[in-house]
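# Commentary on secondary and tertiary structure
What follows is the residue order along each chain.
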Amino acid sequence: MAAKDRDRFSTATRIRLLGEQTAARVYRSQTRRQARRSRLTGRAAFLALVVCSLVVALAYPMRQYVSQRGEIAEQERQAAEAAARVEELRDEKARLQDPAYVRRLAREHLHYVLPGETGFTVNDPEAERARREEQSAADRPWYSDLWDGVDQADANR
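Residues numbered from 1 in each chain as written. Predicted model: local features only at pLDDT ≥ 70, side-chain atom pairs only at ≥ 80, totals over all residues. Heavy atoms only, no water.

## Some points on the overall build of the protein chain
Formally: The helix and strand labels rest on DSSP assignments: H or I over at least four residues marks a helix, E over at least two residues marks a strand, and numbering proceeds from the N terminus. Throughout, exposure labels follow a simple rule: accessible area from a 1.4 Å probe, protein chains only, divided by the maximum for the residue type, with under 20% read as buried, over 50% as exposed, and the rest as partly exposed. Note on areas: these come from Shrake-Rupley sampling with a 1.4 Å probe, and a residue is covered only by the protein chains present in the view.
Looking only at helices and strands, the protein chain has six helices and zero strands in total. Taken over 157 residues, the protein chain has a buried fraction of 2%. Summed over its atoms, the accessible surface of the protein chain is roughly 14800 Å², and 58% of this surface lies on carbon and sulfur atoms.

## So, the pattern of salt bridges
Spelled out, the test is: Here a salt bridge means any side-chain nitrogen of Lys or Arg lying within 4 Å of a carboxyl oxygen belonging to Asp or Glu.
Following the criterion strictly, the structure yields seven salt bridges and no others. Note that E20 is salt-bridged to R16, the shortest N-O span being 3.8 Å. Here E20 and its partner R16 are both found in helix α2 (residues 11-37), four residues apart, which amounts to about one turn of the helix. Note on E20: relative accessible area 45%, which makes it partly exposed. Across the pair R85 and E88 runs a salt bridge whose closest N-O atoms are separated by 3.5 Å. Here R85 and its partner E88 are both found in helix α3 (residues 42-96), three residues apart, which amounts to about one turn of the helix. Using a relative accessible area of 46% as the deciding quantity, one classes R85 as partly exposed.

## Considerations on the packing of aromatic side chains
Which entries qualify depends on this criterion: Two aromatic rings from Phe, Tyr or Trp, using only the six-membered ring of Trp, form a pair when their centres are within 6.5 Å; if the ring planes differ by under 30 degrees the pair is stacked, by over 60 it is edge-to-face, and anything between is tilted.
Considering all chains together, one arrives at one aromatic pair under this definition. Measuring from ring centre to ring centre gives 5.9 Å for W142 and Y143, while their planes differ by 80°; the resulting arrangement is edge-to-face. A relative accessible area of 64% means that W142 is categorised as exposed.

## Observations concerning a nonpolar patch on the surface
Note the following rule: Patch membership requires over 30% relative accessible area and the absence of a salt bridge. Like charges are linked within 9 Å, and nonpolar side chains (Val, Leu, Ile, Met, Phe, Trp, Tyr) within 5 Å.
Together, F46, L49, V50, L54, L58, M62, Y65 and V66 make up a nonpolar patch on the protein surface, roughly 830 Å² of accessible area in all. Following the sequence through the fold, L54 ends up in helix α3.

## Describing unusual backbone geometry
Unusually for a residue other than glycine, H111 sits at a positive phi of about 60°. Within the secondary structure, H111 is located in the loop between α4 (99-110) and α5 (125-134).

## Details of α4
Short version of the rule: In this analysis, the expected span of each helix is defined as 1.5 Å times one less than the number of residues it contains.
With twelve residues, α4 should reach 16 Å at 1.5 Å per residue; the first-to-last C-alpha distance of 16 Å fits that figure. Phi turns positive one or two residues past the end of α4, at H111, with a value near 60°.

Printed below as a string of structure tokens:
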């Protein structure tokens, strides 16, 4: 038993045991690394690279396509508006060919009267006052603004 105890505590035996333990740890860590590596293989990495490349390569053309579709829709909307406006102008042109319509417009807007008729113009003081109040400061003369300021100062007193 003395030989067995001597081998058990000899330096060579201790080094051999340490080497075996270290080898076992290294083997376990390598198997763990290999298990981790097996999740992402070279094929999967290449596939991911190809997919990313396709996304990058197609992003700009798709953006251009979408923006051009929007521009086309806007141009079609403007063309429809222009066509509607052309139709309105054709109708107006056709109405202006009628002498009765032109005569009615002249009577309404230019206050024309036919021979033998008497024309009257009635001034409504309320309408005149409302029109003066609706005018902005840029449309009125400067002295009007001055007197309005004086009147407001008197009223606030």
